[in-house]
Amino acid sequence: MIPHAQHTDDEIQEMVRWVYSLEPDSAVIVSPGFVNSVDIGTPKKTISHIQLVANYQDGGSRWAPPIDVSQSVTLRNPSWKPNLPMKYLGRCC
């Protein structure tokens with residue numbers, strides 16, 4: 001971790017006190033999705049796939065440029081069957 005030179009000593013002490021005040025398994029939740037589940041509600045039809053996208057950007061510092069990254073993953077439903085004639089699926093004569 002790079003130094004926090006932009007903060008005063010009092011601000012740093014407050015951050016450290018906050019970190020040390022956390023209890024294991026406390027109710028502090030940074031962001032939904034960190035619990036290995038994503039609620040997509042109740043779909044009205046069968047879903048063929050879901051794409052999850054995560055973006056992160058920080059403010060950088062005097063010593064380092066901002067970090068700006070994005071990652072995505074596509075989850076496919078193995079039980080989904082397309083409603084197409086067989087010739088479009090490459091299984092026809």
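Before reading on, note that the structure itself is shown above.
Residues numbered from 1 in each chain as written. Predicted model: local features only at pLDDT ≥ 70, side-chain atom pairs only at ≥ 80, totals over all residues. Heavy atoms only, no water.

Caption draft 1: Main features of the overall build of the chain. Scanning the chain for helices and strands turns up one helix and two strands. Counted from the first residue to the last, the chain has its helices and strands arranged as α-β-β. The 93 residues of the chain split such that 0% are buried. Across the chain, the fraction of contacts at a sequence separation of at least 24, relative to all contacts at a separation of at least 6, is 35%. A total accessible area of about 9,100 Å² is found for the chain, and carbon and sulfur atoms account for 56% of it. (Helix = DSSP H or I, 4+ residues; strand = E, 2+ residues; numbered from the N terminus. Buried < 20%, exposed > 50% of the residue type's maximum accessible area, 1.4 Å probe, protein only. Contact = heavy atoms within 4.5 Å. Areas by Shrake-Rupley, 256 points an atom, 1.4 Å probe, with all protein chains shown as cover.)

Caption draft 2: Highlighting a negative patch on the surface. Taken together, the side chains of D9, D10, E11 and E14 define an acidic patch exposed on the protein surface. With respect to the helices, strands and loops of the structure, E14 is situated in helix α1 (residues 9–21). (Patch = residues over 30% accessible without salt bridge, like charges linked within 9 Å, V, L, I, M, F, W, Y side chains within 5 Å. Salt bridge = Lys/Arg side-chain N within 4 Å of Asp/Glu carboxyl O. Lys, Arg positive; Asp, Glu negative; His and termini not counted. Charge placed at Lys NZ, Arg CZ, Asp CG, Glu CD.)

Caption draft 3: Structural context of a nonpolar patch on the surface. A surface patch of nonpolar side chains, amounting to about 390 Å² of accessible area, comprises I12, M15, V16 and Y20. The residue V16 is located in helix α1 in this model.

Caption draft 4: Up close: the environment of W80. Inspection of the secondary structure puts W80 in the segment after β2 (68–76). Here W80 falls in the partly exposed class, since its relative accessible area comes to 34%. Setting aside its immediate chain neighbours within four residues, W80 contacts T46, I47 and S48.

Interpretation in functional terms is not warranted from these geometric data alone.
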